Amino acid sequence: MVTRRRMIGAALATGGGVLLMRTTLRPAASVAPAASVQDATAAHTHPTGTDAPDPGPDTGPALAPKFTTALPVPPVLSPVSTSGGTDTYAVTMLRSFARILPGHRTEVLTYNGAFPGPVIRARSGRPVIVRQTNLLDDAVSVHLHGSRVPADSDGGPMNLLGPGASRTYTYPNDQPHASLWFHDHAHHMESEHVYRGMAGTYLLTDATEAALPLPSGRYDLPIALRDARFDASGNLVYRMDDPFNRTTILANGRPWPKAEVAARRYRLRLLNSSNLRFFSLRLADGGPITQIGSDGGLLERPHTTDTIDLSPGERADVVIDFSRYPVGSSVVLTNSMPPGPAEHVGQVLRFDIVRSAHDPSSVPDRLRTLPALGAAARERTVVLKVEQAQGAEPRGLIDGKVYDPARVDAQVAFGTSEIWTVVNANTDVPHNFHLHLVQFRVLERNGQAPGPAESGLKDTVRLLPGERVRLQAVFDSYRGRYPYHCHLLDHSAMGMMAQMEIA
């Protein structure tokens, strides 16, 4: 188990080690047209230059009084067609303006103009087709994070959709329920694109989940958490490796919002959609939180905790029973992970208990049964590291190499199971690890059995400085080339990605 001290130490490392890498991919607070991703330099700097002056610290906290705006509920997309047993959606990527800070309009990059991005609700066994049209100036690539999809619909870093072009992504949904999300993955550009808004939610359900008496409907809330940095005019400021200055905490695209809730159980689907920030979430009064799921859907059994830890890209499905609070009271969801001033990054959102309500929901003692892990055909080790030579730009490395889309780093036999030991070789920089295509099981963390939060299916796992995690995955769905990488997106933009070929 990871102690709180180690978690906080890792967050301080995020603000002390990796932040020595002050690479700027673009002039701050701008969204300039991009050259082809293939033209990006070996140092991973954007062709528009690196010499923009730093605009100063985040002024968002001064522009946004806490707990005054309502927590938005992301819009749910309706299919344009449901014929042939397939749900078809039309999505357009475009620049838009969002009212994030009171009295300001902020330019953002969006799916269908929504900030935060929209929600697609899907069902296992029923395919979804998404027709994506790119009206941005940059090439993009749409990745459905946590999904089991053919390689040509995976949204890999070099599978680009150019400006003005359209592409159809096919999602068979031949996997169990899970709270997934989709985001941009164009290499060297994914960090800034996601930071400026290119992320949405994909909720996949199935008969197993639907049969449970969990909170549902208006009592089932997706909440995407992240940090941001704003200038005095309310513009998003993007600079590489900048969590020290990203001190405005957003929940569903609003700074420190308030959520009016009834005195009953709610299901909260928490997503850390930050580029670099780790969250350690708890109720201000230390009240109980029941975790029922992780990246790949429900756990086998719920567990009660007072803290939920999420690295970038990770999800946690939790139930909070607000009936323990009297109507008219409030409780704040807090964050104990730096960097940044505690009065800003230490608060996330406030729940206001405004009414009583009938509550037929419950959390069963047994949620699902996970398949047994079979014998592994192979074991391999993957080493993550960020390094910076004197006078050089930082590089993100996997097994000592920067990502090369022409290189296959791991040959995996189709239909087999493998055990991967993932190592963080840095002593002062945290990472995490995301495998495309598969949901895996965590076998060990630093030689110990995983805690209950990591006992289910995962697609992203945190690695604090010096940590190692053993995981097991089965590669029996699709053949082709898929990436694996650090999901601290500034690290993957530096080249901390590799590629496996399943054949």
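Engineer: Before we go on, may I ask you to explain the overall build of the chain in this structure?
Structural biologist: Across its full length, the chain carries 6 helices and 31 strands. Buried positions account for 60% of the 503 residues belonging to the chain. In the chain, the share of contacts with a sequence separation of at least 24, taken over all contacts with a separation of at least 6, comes to 78%.

Engineer: What exactly am I supposed to notice about the pairing of strand β30 (residues 480-485) here?
Structural biologist: For a regular strand, side-chain orientation follows a simple rule: the groups alternate between the two sheet faces. Most of β30 is tucked away: 5 of the 6 residues are buried. Here β30 pairs with strand β31 (residues 497-502) via 6 bridges, running antiparallel. By the bridge assignment for β31, Tyr 482 is matched with Met 500.

Engineer: Just to check I follow, could you spell out the environment of Glu 190 for this structure?
Structural biologist: Considering the arrangement of structural elements, one finds Glu 190 in helix α3 (residues 190-195). The class for Glu 190 is buried, based on a relative accessible area of 1%. Taking the C-alpha atoms as reference points, Glu 190 and Asn 275, separated by 85 residues in sequence, lie 9.5 Å from one another. Beyond its immediate stretch of four places on either side in the chain, Glu 190 contacts Asp 184, His 185, Leu 489, Ser 492, Ala 493 and Met 497.

Engineer: Would you take a moment to explain the environment of Ala 114 for this structure?
Structural biologist: With respect to the secondary-structure elements, Ala 114 resides in the loop between β2 (106-111) and β3 (119-123). Judged by relative accessible area, Ala 114 falls into the buried class, the value being 11%.

Engineer: Which parts of the structure should I look at to understand unusual backbone geometry?
Structural biologist: Trans is the prevailing form of peptide bonds, just as negative phi is the prevailing case for residues other than glycine. Going from Phe 115 to Pro 116, the amide bond is cis rather than trans, its omega being 5 degrees. Secondary-structure assignment places Pro 116 in the loop between β2 and β3. Across the junction of Pro 338 and Pro 339, the peptide omega takes the value 10 degrees, indicating a cis bond. Examined against the element boundaries, Pro 339 turns out to sit in the loop between β19 (330-335) and α5 (342-345). Look at Asn 173: it is not a glycine, yet its phi comes out positive at around 55 degrees. Within the secondary structure, Asn 173 is located in the loop between β6 (166-171) and β7 (178-184). Note on Asn 173: relative accessible area 4%, which makes it buried.

Engineer: For this particular structure, what's the right way to read the packing of aromatic side chains?
Structural biologist: Scanning the model with the defined rule gives 11 aromatic pairs in all. An angle of 80 degrees between the planes, with centres 5.0 Å apart, marks the rings of Trp 420 and Tyr 484 as edge-to-face. Taken together, the residues Trp 420 in strand β24 (residues 416-424) and Tyr 484 in strand β30 connect sequence positions 64 residues apart. Taking relative accessible area as the criterion, Trp 420 reaches 0% and is therefore assigned buried. Following the ring pairs from residue to residue traces out a cluster consisting of Tyr 219, Tyr 266, Phe 322, Tyr 325 and Phe 351. Of note, Lys 66 hangs over the ring of Trp 256, and the distance from its end group to the ring centre comes to 4.4 Å. One residue, Arg 226, lies across the ring of Tyr 195, its end atom 4.9 Å from the ring centre.

Engineer: In this structure, what is going on with the environment of Asn 134? I would like to understand it.
Structural biologist: By the element assignment, Asn 134 lies in strand β4 (residues 128-134). In this structure, the C-alpha to C-alpha distance between Asn 134 and Arg 167, residues 33 residues apart in sequence, is 8.7 Å. Look past the residues within four positions of Asn 134 in its chain and what remains in contact with it is Met 93, Ala 139, Val 140, Leu 161, Gly 162, Pro 163, Gly 164 and Ala 165. There is a polar contact of 2.9 Å between the side chain of Asn 134 and the backbone nitrogen of Leu 136.

Engineer: What am I meant to see in the nonpolar core here?
Structural biologist: Burial of nonpolar side chains together is a common tendency in soluble globular proteins. The biggest cluster of nonpolar side chains holds 50 residues, and the ones touching the most others in it are Ile 223, Leu 268, Leu 281, Phe 322 and Phe 351. Apart from residues lying up to four places away in sequence, Ile 223 is in contact with Leu 71, Ala 251, Asn 252, Leu 268, Arg 269, Leu 270, Leu 271 and Leu 349. Phe 433, Val 442, Val 461 and Tyr 482 belong to the second-largest nonpolar core, a separate cluster that totals 33 residues.

Engineer: Teacher, can you tell me more about the pairing of strand β5 (residues 142-145) here?
Structural biologist: Burial along β5 is two-sided: Val 142 and Leu 144 facing one way and His 143 and His 145 facing the other are all buried. In this structure, β5 lies alongside β7, joined through 4 bridges in antiparallel fashion. In the strand pairing of β7, Val 142 is matched with Asp 184.

Engineer: Hey, could you run me through the pattern of salt bridges in this one?
Structural biologist: Charged atoms that come close allow side chains of opposite charge to pair. Evaluation of the coordinates by the stated rule reveals 33 salt bridges. Asp 352 is paired through a salt bridge with Arg 350; the nearest N and O atoms lie 2.7 Å apart. Residue classification places Arg 350 among the partly exposed residues on the basis of a relative accessible area of 23%. Here Glu 379 ties to Arg 470 by a salt bridge, and the two come within 3.4 Å at their closest N and O atoms. One end of the pair, Glu 379, is in strand β21 (residues 378-387); the other, Arg 470, is in strand β29 (residues 468-475), with 91 residues separating them in the sequence. Through salt bridges with shared partners, one network takes in Glu 209, Asp 220, Arg 267, Arg 269 and Asp 317.

Engineer: It is not clear to me how the sheet that holds strand β28 (residues 460-463) should be interpreted in this structure. Could you clarify?
Structural biologist: One key point about sheets: their strands pair by backbone hydrogen bonds, in either a parallel or an antiparallel sense. The sheet built from 5 strands is open, its strands ordered β23-β31-β30-β25-β28 with mixed pairing. Of all strands in the sheet, those bounded by a partner on one side alone are β23 (410-412) and β28. Recorded for the sheet is a direction-independent mean angle of 25 degrees between the axes of neighbouring strands. Bridging between β23 and β31 involves 3 bridges; their strand directions are parallel. Counted as the bridge partner of Val 412 is Ile 502 from β31.

Engineer: Quick question: what am I supposed to make of the confidence of the model for the chain here?
Structural biologist: Parts of the prediction with low pLDDT should not have their coordinates interpreted in detail. Across the chain, the average pLDDT comes to 90, with 90% of residues at 70 or higher. Note on residues 1-51: pLDDT under 50 across the span, and 136 contacts to partners over four residues away in sequence or across chains.

Engineer: Can you walk me through the sheet that holds β19 in this structure?
Structural biologist: In space, the 5 strands of this open sheet follow the order β12-β20-β19-β14-β17, with mixed pairing throughout. Whereas interior strands pair on both sides, the edge strands pair on one side only; in this sheet they are β12 (258-263) and β17 (308-310). Averaged over all pairs of adjacent strands, the angle between their axes in this sheet comes to 25 degrees, without regard to strand direction. As paired elements, strand β14 (residues 279-283) and β17 share 3 bridges and run antiparallel to each other. The residue of β17 that forms the bridge with Leu 281 is Ile 308.

Conventions and cut-offs
Residues numbered from 1 in each chain as written. Predicted model: local features only at pLDDT ≥ 70, side-chain atom pairs only at ≥ 80, totals over all residues. Heavy atoms only, no water. Helix = DSSP H or I, 4+ residues; strand = E, 2+ residues; numbered from the N terminus. Buried < 20%, exposed > 50% of the residue type's maximum accessible area, 1.4 Å probe, protein only. Contact = heavy atoms within 4.5 Å. Pairing = 2+ DSSP bridges. Phe/Tyr/Trp six-rings, centres within 6.5 Å; stacked < 30°, edge-to-face > 60°. Lys NZ or Arg CZ within 6 Å of the ring centre and 35° of its normal. Polar contact = N/O pair within 3.5 Å; in protein donor to acceptor, adjacent residues only side chain to side chain. Core = buried A, V, L, I, M, F, W, Y, C linked by side-chain atoms within 4.5 Å. Salt bridge = Lys/Arg side-chain N within 4 Å of Asp/Glu carboxyl O. Axes fitted to C-alpha atoms, helices over the stretch in contact; angles between N-to-C directions. pLDDT = per-residue confidence, 0-100.

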